[in-house]
Each structure stands twice: as C-alpha cells, then as structure tokens.
Amino acid sequence: MIDTDIHLKGHKMRALVAGAGGFIGGHLVKSLLDDGYEVLGVDIKPIEDWHQVHDNSLNIYNTDLRSIYYCNEVTKNIDECYNLACDMGGMGFIENNKAQCMISVLINTHLLISGTTNGVSKHFFSSSACVYAADKQIKDGYDVSPLKESDAYPAMPEDGYGWEKLFSERMCRHFTEDFNLDTRVARFHNVYGPYGTWTGGREKAPAAICRKVIEAKKNGTNEIEIWGDGNQARTFTYITDCIYGIRQLMKLEKNNPIEPINIGSSELVTINDLVSIVEEIAGITLDRNYILDAPKGVPGRSSNNNLIKEKLGWEPSVSLKQGMEETYKWIEQEYDRNTL
Ligand code: NAD
C-alpha cells in the first residue's frame, strides 16, 4: 500500500505526474513545483535512472502503472493527473517493439478508471503526432502539408505505438462524455531538449544527430550515419514550448477543447538540414553515409497550429537553431561526463 495521504496534505493543488522519471515528465514536475503544486512523481524506473530529480518537496514512487492496483493508490487525493508514462522511443525503438508500445494502453486505461473512482478533477494524456494517418504524410522535403487535428481520421496511424495513442485518445474522450472526467489530450510533435534520452537506442533524431556529430568530432572520424536519404521532413518542438503548452491546455475552461490538440512547432526542416544545423553548432562538416534501409518513419510531417492558436492564443516559438544549441551543449557535457 502506498501512503500518499502522508505526503500530499494541505491546501495546495496536488498533481500526479506519471512518467516523472522521463524527459518531459522531469521538466513538467519542475514547472508544477515552481508554480506551488504538491507533486507526486511516479515512474517504473529506479530513482537513480530518472532524467531529473528536483527538490525534496517532490514525492516519489517507483511503481508499474500498468497495474490498476497501483493506479488506484497513486490517484488518491490528486487534483490533476498528468499521464506521460509510456514505453517508447525513437523510430528505431517503435518500429521494432510494437507489442511493447501497445501495452502502455494499460497505463492510460487504468489511470482513467482510477482517476474517475478517486475524483481526480483533470486528466492530461500525452498523445503523439504518430496518430496521424500515413496517407496524409507521403510527401517529403519542404512540400509537406501541415497536419490538422482532423487528419488522424480515417485512422491509419503508425503501427503499434500510434494505435496505442489513438485508442487512448478515444478513451479520454469517452471518459469525459460518459463519466464527466475532464480530460485534455495533446499531440506532441518530436519534443527535444536537455535531459532527453540521447543514447541507448530510444533516442530521437535531434539527440541522436547531436551525439553522432559529437562522436565524429571527438573521435576524428569525420563521418556521420544518417537513417534514410535525409529528405524526411519534420518539425521539432523545444521542451520549454511543450511544457508551456501542457500547462496552458490544463488551464483552459472545462472540456474546452474535448478534442486533441497539436503541441508542435511549425518550423519544418529536412533531416539533412537538421544535420547541417548541428554541424554549424559544432563547427565541423562531415561526410554523410546514408543508411537507406534503417527505420525512418513517414516521409514528411508538420504541425498545423490553427487550433492551438485559436484556443490558447499561442503556438510554440523557440527556433530550431536556438533549441538545438541548448540541446547540443547539454549532450556534449553528458558525453564528456560518460566517457571520462
Ligand atoms: P520518456 O521515455 O523519457 O518518459 C516516459 C517515462 O514513462 C519513462 O521514464 C518510463 O520509465 C516511464 N514508464 C514507462 N512505463 C511505465 C510504467 N509501466 N509505469 C510507470 N512509468 C512508466 O518519454 P518522453 O519523451 O518524456 O515522453 C513522455 C510522453 O510524451 C510519452 O507518453 C510519449 O509517448 C509522449 N510523446 C513524446 C514525444 C517526444 O518527442 N519526446 C513525442 C510524442 C509523444
């Protein structure tokens, strides 16, 4: 039995952050603590593997949230639940671990059930641009139509991970309609920044490219491996924009919007140009070795931000150059710390 009552007393707003040991969860915990929330951070990972641990006002539990028993325990006395817990990674991970990705459906399902039972007033679910239909993402390069929220249907999401996210989005919608649980869903578009995963096989393109450029520079190999032909186009969202978007979405009036909303930058870039940005930051030019049969995802994906601008009067604004400079600096420090 988890004694959440002992820690979460008082009159402050109380938030549960599921996946608090991860990249986005760690940044969100800090934002909530800074705002005076009491926070219960939960993750399946042992504390020494958490990306960030903040001050001692953070209450921490090591728990597997696929279990409804633990979801029932951690949602007691909680005002707002933020579900960022998911077994996921970059394309290399999600294309090769579809069942593992889909099992995360248990986390959101059980948090919704227990949140309803325990009277949680708001539930946030972190969905993904991987829910978008493949046939709306067939162009590469700079000829990509930004995805609006309705482009998730007719459904043809990323196999495994994308289906899990789309199903969980629907669960949120129906818990609002049927049980009056106030749910909010954001579709994140490639979030990156300091304290993200940068090695080990689950890292995403921005961190992987930074690491490869750093390795090439330090080892003097002068070469970089790129998955695909480099013409895949994406938008990348800096972590501070992602956190601001989540917080503002949760502050909207009840059930407004009930529909998922994109939290994504609209600054489109090809992977080749992302590599050039990182090369410029590192002050190096590398020979490019294209691995054409590596996992590369859809040809092109960008975020249409009309809905977020309408609802929040805001859209992500940190430039890719600025965000990548911060990310590169942090990964270089981590690289040095781990190789010394
Ligand atoms: P992350 O992997 O860094 O964090 C997820 C955390 O969930 C991890 O710390 C992991 O240990 C934890 N977790 C996994 N299974 C668990 C379980 N059974 N019980 C408890 N904790 C568990 O990922 P992130 O980048 O911080 O992503 C957070 C959320 O945002 C995820 O839902 C992810 O799908 C979504 N998302 C992220 C991105 C991105 O670019 N980072 C893009 C789209 C959507």
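Residues numbered from 1 in each chain as written. Predicted model: local features only at pLDDT ≥ 70, side-chain atom pairs only at ≥ 80, totals over all residues. Heavy atoms only, no water.

### Observations regarding the overall build of the chain
Stage number 1. Looking only at helices and strands, the chain features 12 helices and 13 strands.
Stage number 2. Scaling as 2.2 N^0.38, a compact globule of 340 residues should have a C-alpha radius of gyration of about 20 Å, and the chain matches this with 20 Å.
Stage number 3. Taken along its principal axes, the extent of the C-alpha atoms in the chain is 55 × 50 × 40 Å.
Stage number 4. Residue burial in the chain is summarised as follows: out of 340 residues, 56% are buried.
Stage number 5. Looking at the chain as shown, the accessible area adds up to about 14,400 Å², and 50% of this sits on carbon and sulfur atoms. (Helix = DSSP H or I, 4+ residues; strand = E, 2+ residues; numbered from the N terminus. Rg over C-alpha atoms; globule rule 2.2 N^0.38 Å. Buried < 20%, exposed > 50% of the residue type's maximum accessible area, 1.4 Å probe, protein only. Areas by Shrake-Rupley, 256 points an atom, 1.4 Å probe, with all protein chains shown as cover.)

### Section: the pairing of strand β4 (residues 80-83)
Stage number 1. The alternating pattern of β4 places E80 and Y82 on one face and C81 and N83 on the opposite face, and all of these are buried.
Stage number 2. As paired elements, β4 and strand β5 (residues 122-128) share four bridges and run parallel to each other. In the strand pairing of β5, C81 is matched with H123. (Pairing = 2+ DSSP bridges.)

### Remarks on a nonpolar patch on the surface
Stage number 1. Where nonpolar side chains cluster on the molecular surface, the patch consists of I47, V53 and I60 and spans about 210 Å² of accessible area.
Stage number 2. With respect to the element layout, I60 can be found in strand β3 (residues 58-62). (Patch = residues over 30% accessible without salt bridge, like charges linked within 9 Å, V, L, I, M, F, W, Y side chains within 5 Å. Salt bridge = Lys/Arg side-chain N within 4 Å of Asp/Glu carboxyl O.)

### Some thoughts on the domain arrangement of the chain
Stage number 1. The domains assigned to the chain are domain 1 (4-193 + 237-266 + 308-312) and domain 2 (205-233 + 268-301 + 320-335).
Stage number 2. Each partner contributes residues to the interface: domain 1 has 19 residues there, and domain 2 has 21 residues.
Stage number 3. Taken together, the two surfaces of domain 1 and domain 2 that pack against each other cover about 1,700 Å², and 63% of this comes from carbon and sulfur.
Stage number 4. Of all residues in domain 1, the largest losses of buried area upon contact with domain 2 belong to Q137, Y142 and Y192, amounting jointly to 36% of the total for that side.
Stage number 5. Inspection of the region where domain 1 meets domain 2 yields zero salt bridges.
Stage number 6. Between domain 1 and domain 2 we count seven residue pairs in polar contact (both at pLDDT 80 or more) in total.
Stage number 7. When its residues are assigned to classes, the side of domain 1 that touches domain 2 shows nine nonpolar, seven polar and three charged. (Domains from an automatic or database assignment. Contact = heavy atoms within 4.5 Å. Buried area = accessible area lost by both parts, 1.4 Å probe. Polar contact = N/O pair within 3.5 Å; in protein donor to acceptor, adjacent residues only side chain to side chain. Nonpolar A, V, L, I, M, F, W, Y, C, P; charged D, E, K, R; others polar.)

### Points about helix α2 (residues 23-34)
Stage number 1. In a regular helix each residue adds 1.5 Å, so 12 residues correspond to 16 Å; α2 covers 17 Å between its end C-alpha atoms and thus fits that length.
Stage number 2. Burial analysis of α2 places 10 of its 12 residues in the buried class, the great majority of the element.
Stage number 3. Downstream of α2 by a residue or two, G36 has a phi angle that is positive, lying close to 90°. (Expected span 1.5 Å × (residues − 1).)

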